[in-house]
Protein chains: 4
Amino acid sequence: MSERATTTTQGSRTRGALLRAGRRVLERKGLHKARISDITKEADVSVGTFYLHFENKDDLFRQLLITVEDEVYGELVPAEPGSVDPAQRIRETNRLYLTAFKRNAAFWTCVEAAALEQPDVPGVLAERNRYYRSRTERAIARWQAAGQVAPEVDPATAAFLLGAMTERLAYLWYVFGHREDVDQATEDLTRLWLNYLGLD
Amino acid sequence: MSERATTTTQGSRTRGALLRAGRRVLERKGLHKARISDITKEADVSVGTFYLHFENKDDLFRQLLITVEDEVYGELVPAEPGSVDPAQRIRETNRLYLTAFKRNAAFWTCVEAAALEQPDVPGVLAERNRYYRSRTERAIARWQAAGQVAPEVDPATAAFLLGAMTERLAYLWYVFGHREDVDQATEDLTRLWLNYLGLD
Amino acid sequence: MSERATTTTQGSRTRGALLRAGRRVLERKGLHKARISDITKEADVSVGTFYLHFENKDDLFRQLLITVEDEVYGELVPAEPGSVDPAQRIRETNRLYLTAFKRNAAFWTCVEAAALEQPDVPGVLAERNRYYRSRTERAIARWQAAGQVAPEVDPATAAFLLGAMTERLAYLWYVFGHREDVDQATEDLTRLWLNYLGLD
Amino acid sequence: MSERATTTTQGSRTRGALLRAGRRVLERKGLHKARISDITKEADVSVGTFYLHFENKDDLFRQLLITVEDEVYGELVPAEPGSVDPAQRIRETNRLYLTAFKRNAAFWTCVEAAALEQPDVPGVLAERNRYYRSRTERAIARWQAAGQVAPEVDPATAAFLLGAMTERLAYLWYVFGHREDVDQATEDLTRLWLNYLGLD
DNA sequence: TATGAATGAGGGTTCATTCAT
DNA sequence: GATGAATGAACCCTCATTCAT
């Protein structure tokens, strides 16, 4: 991690410009074809300035990843648990996820690419996955306790499978497939969850 | 396609050596970090020889992709349709798929990475997907006709979702997760299918 | 034209060093055998620096050509027209041309070679030729009007032929023939002009 | 010079095919861009065969040069000296030269390029030039003796200048200028000779 | 003689990174 | 902090030449 100066107001403004420019360039050209000079040109600063704020391209990417992740997953704020019925909760969360994913699909392509090559990226993603998986797991357990989900379902396995599938479908639809709608996608995805959990 | 010749026995032997070496190197270093010289060193030939058989690294990769795909999917030979019960059929196919995928997991990492950058790779993958999807679709329709699967299931959607999930799980388990067993994985995956289709 | 920047003083100093080094190397080794690395070594900069200022060897050559052309032809500044007698005028211009050509003979070898291969070089040369040809043509017409040159001479044809011959002789003498003197060469060449024009 | 075997009938047939192919390729691609493999492909033999008959590309070129020179200059067979009037003789020779040059213009481009780079090519050309120059020189001397050419003309200088000019004009017209006619070109060139020699 | 796969030195070009201003 | 010219290791690719068949 870079622990550079940039304590000045001007400094953090430049840093922000580089992050935004970095994201735009990465989305446009991909992780490998994006050159440092592309990013600095887009940010309207000199190459040297880049190294004042980041160690290298990977460093920029890692910091960008954290930023974007917060943006994507920060929106999946759970409503009052138990206050609504399971199907509704699942549908809502799926819609939020797909909406956020779609908005960041281009960047996500880079994330996938990076995850395949950079040793620490999978870790970052896995950590986040773990969090959401456990959230799902607890919800399923709750529904089981309430008799809404069959007892033979293993909450941990279910959470893993459903999470994987959600992720993959979002990826197929919005990264590869250029799907545009969110409503029908949410329905398709939700039906899958309900089916698997034996809900409704 | 490369217009390179090498019609002799010796020629195709060298070509084979390069393909095998290429695969090993790609699995070890990834598509981007693999150097042509790495591959030729591994194959014990000179750099020039590489260009006698392939146009460039992408060309080698493409030819390799075809070869490996045949290897992975060629094994999913369907048993006599209808001769066995659906659950058994699904379980068998899943086991074959996971087994083949696991054996080629390292190479598949490259494929996924390439799909994100090379414009034609997604097409190659999609074409194959289409084939297997339609096979699944027809099987589901058959089971519906036989009253084994509920009529409200849409075969096309089901085939798409199940295929995506199978792919993603194999990926998470064997590429990222370093899962080792096939038996339990087959059970988990199959349960998902059966659940979704309302079988058993 | 190269879109490379280098707006600083240091930048243009390096660019100048590369142009001078390029000329020396081209004269010594010829356009084909000159390596980029030869030029950067001669200019005492690194290879990368070359590409900061030029697109490639041809680009350097083209820019050099313009510079040297200006040097060679810039000296053929006409004295007061009509103020001297034709023979004297022709003799003076020929001397200036031969002197300048001789000083740049080595580089001219490259120019001739390049003209045979690079599609745009002939154009550059032809443009300049046109200019000097028209200058000669007007002078001849003036002398005809003054009754100094026979009326049956066609000024355009004469200008073309005399120009071609002057060029070729300079080439044969100083590029191939290693002739050293300028005085006698000027006399020989001038005699040819006078004879052809029926002057003296 | 290569002194290879090729005593067989088949051998010299292959050699001939390579020479013809070499000429075609050189004319099409130029001296530098022509690759050995281009030539062997055109001749429909393998690369190895090339080295059975020639040492390298330069060797092929040199042998080709001799062949083509013979073809071009072999046609300038002088008619009975003195049997015709000088103007007629000059006109005829010029026509023959321009005709032959035009037919070989494409190859001549290569010759010029080679002359600028290969150390021995200028020698080959100079030798031939010397021969034709001395032929011209003797003709001029003869015409002087017959009182047809002014005694103050120096036959050696005149032969040199006229030869150079003829060569250059042919080059400008047919290599660079894409001139097509021969009749008018012959007239222009001949007028130059007659003027210079004070004939007619 | 003829073949054509194999060789590998050699050259062009890129681009992350540095550092003097 | 900011600049951008300079650096040079690294990599791709070509093609003349060889040699086993």
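Calculation criteria
Residues numbered from 1 in each chain as written. Chains lettered and ligands numbered in written order. Predicted model: local features only at pLDDT ≥ 70, side-chain atom pairs only at ≥ 80, totals over all residues. Heavy atoms only, no water. Helix = DSSP H or I, 4+ residues; strand = E, 2+ residues; numbered from the N terminus. Buried < 20%, exposed > 50% of the residue type's maximum accessible area, 1.4 Å probe, protein only. Contact = heavy atoms within 4.5 Å. Areas by Shrake-Rupley, 256 points an atom, 1.4 Å probe, with all protein chains shown as cover. Lys, Arg positive; Asp, Glu negative; His and termini not counted. Charge placed at Lys NZ, Arg CZ, Asp CG, Glu CD. Buried area = accessible area lost by both parts, 1.4 Å probe. Salt bridge = Lys/Arg side-chain N within 4 Å of Asp/Glu carboxyl O. Polar contact = N/O pair within 3.5 Å; in protein donor to acceptor, adjacent residues only side chain to side chain. Nonpolar A, V, L, I, M, F, W, Y, C, P; charged D, E, K, R; others polar. Least-squares fit on C-alpha atoms with pLDDT ≥ 70 in both. Phe/Tyr/Trp six-rings, centres within 6.5 Å; stacked < 30°, edge-to-face > 60°. Axes fitted to C-alpha atoms, helices over the stretch in contact; angles between N-to-C directions. Parallel < 35°, antiparallel > 145°, perpendicular 65-115°, else oblique. Left-handed = near helix turned anticlockwise from the far one by under 90°.

1. Let's talk about the overall build of chain A
From N to C terminus, chain A includes nine helices and zero strands. Scanning chain A from its N terminus toward the C terminus, one meets helices and strands in the order α-α-α-α-α-α-α-α-α. In terms of overall dimensions, chain A has C-alpha extents of about 60 × 35 × 30 Å along its principal axes. Within chain A, buried positions represent 50% of all 200 residues. A separation of at least 24 residues holds for 69% of the contacts in chain A among residues at least 6 apart in sequence. When the accessible area of chain A is evaluated, it comes to approximately 9,500 Å², of which 52% is carbon and sulfur surface. Across chain A, the centroid of the 27 positively charged side chains sits 5 Å from that of the 29 negatively charged ones.

2. Some remarks on the interface of chain D and chain C
Across the contact, 25 residues belong to chain D and 26 residues belong to chain C. Contact between chain D and chain C buries roughly 2,600 Å² in total, counting both sides, with carbon and sulfur atoms accounting for 67%. For chain D, the biggest contributors to the area lost against chain C are Leu116(D), Arg168(D) and Tyr196(D); these three give 24% of the whole. The interface formed by chain D and chain C contains four salt bridges. Glu167(D) is the salt-bridge partner of Arg168(C), the closest N and O atoms lying 2.7 Å from each other. Between the two partners, chain D and chain C, sit six residue pairs in polar contact (both at pLDDT 80 or more). Among the elements that line the side of chain D that touches chain C, the one with the most residues is helix α8 (residues 155-176) of chain D, at eleven residues. Partitioned by chemical class, the residues of the side of chain D that touches chain C number 15 nonpolar, three polar and seven charged.

3. Considerations on the relation of the copies chain D and chain C
Relative to chain C, chain D is turned by 179° and slid 0.0 Å along the rotation axis, the superposed coordinates differing by an RMSD of 0.3 Å. Within this description, the copies of the chain are treated as partners about a two-fold rotation axis. Taken together, the interface assignments show that 100% of the residues at the interface of chain D recur at the interface of chain C, consistent with an identical surface on both copies.

4. Details of the interface of chain B and chain A
The interface is formed by 26 residues belonging to chain B together with 25 residues belonging to chain A. Between chain B and chain A, a total of about 2,600 Å² is buried, with carbon and sulfur atoms accounting for 67% of that surface. Of all residues in chain B, Leu116(B), Arg168(B) and Tyr196(B) bury the most surface against chain A, accounting for 24% of the area lost on that side. At the boundary of chain B and chain A, one finds four salt bridges. Run the count over chain B and chain A and you get five residue pairs in polar contact (both at pLDDT 80 or more). Breaking the side of chain B that touches chain A down by element, the ones donating at least two residues are α1 (9-33), α6 (105-115), α8 (155-176) and α9 (183-197) of chain B. Sorting elements by how many residues they give to the side of chain B that touches chain A places α8(B) first, with eleven residues. Along the lines of polarity and charge, the residues of the side of chain B that touches chain A split into 15 nonpolar, three polar and eight charged.

5. A look at the side chain of Thr166(C)
If you trace the backbone, Thr166(C) turns up in helix α8 (residues 155-176). By relative accessible area, which is 6% here, Thr166(C) ends up buried.

6. Some details on the packing of aromatic side chains
Applying the stated criterion across every chain, the model contains 32 aromatic pairs over all chains. Consider the rings of Phe50(B) and Tyr51(B), whose centres lie 5.2 Å apart with planes at 75°: the pair is edge-to-face. Judged by its relative accessible area of 38%, Tyr51(B) is partly exposed. With a centroid separation of 6.1 Å and an interplanar angle of 65°, the aromatic rings of Phe101(B) and Trp108(B) are classed as edge-to-face. Across the pair, Trp108(B) and Phe101(B) agree in class, each one buried. Taken together, the aromatic side chains of Phe61(A), Tyr97(A), Phe101(A), Phe107(A) and Trp108(A) make up a single cluster linked through ring pairs.

7. A short note on the relation of the copies chain B and chain A
Overlaying chain B with chain A gives an RMSD of 0.2 Å, the required rotation being 179° about an axis along which the chain moves by 0.0 Å. Counting the interface residues of chain B, we find that 96% of their copies in chain A are interface residues as well, pointing to one common contact surface.

8. Examining the packing of α8(B) against α9(B)
Residues and elements named next belong to chain B. Close contact between α8 and α9 brings their axes to 11 Å; oriented N to C, the two are set at 160°. Taken together, the axes of α8 and α9 lie roughly antiparallel to each other. Classified by chirality, the crossing of α9 by α8 is right-handed. Judged by residue contacts, Ala158, Leu161, Leu162, Met165, Thr166, Leu169, Trp173 and Tyr174 of α8 engage Ala185, Asp188, Leu189, Leu192, Trp193, Tyr196 and Leu197 from α9.

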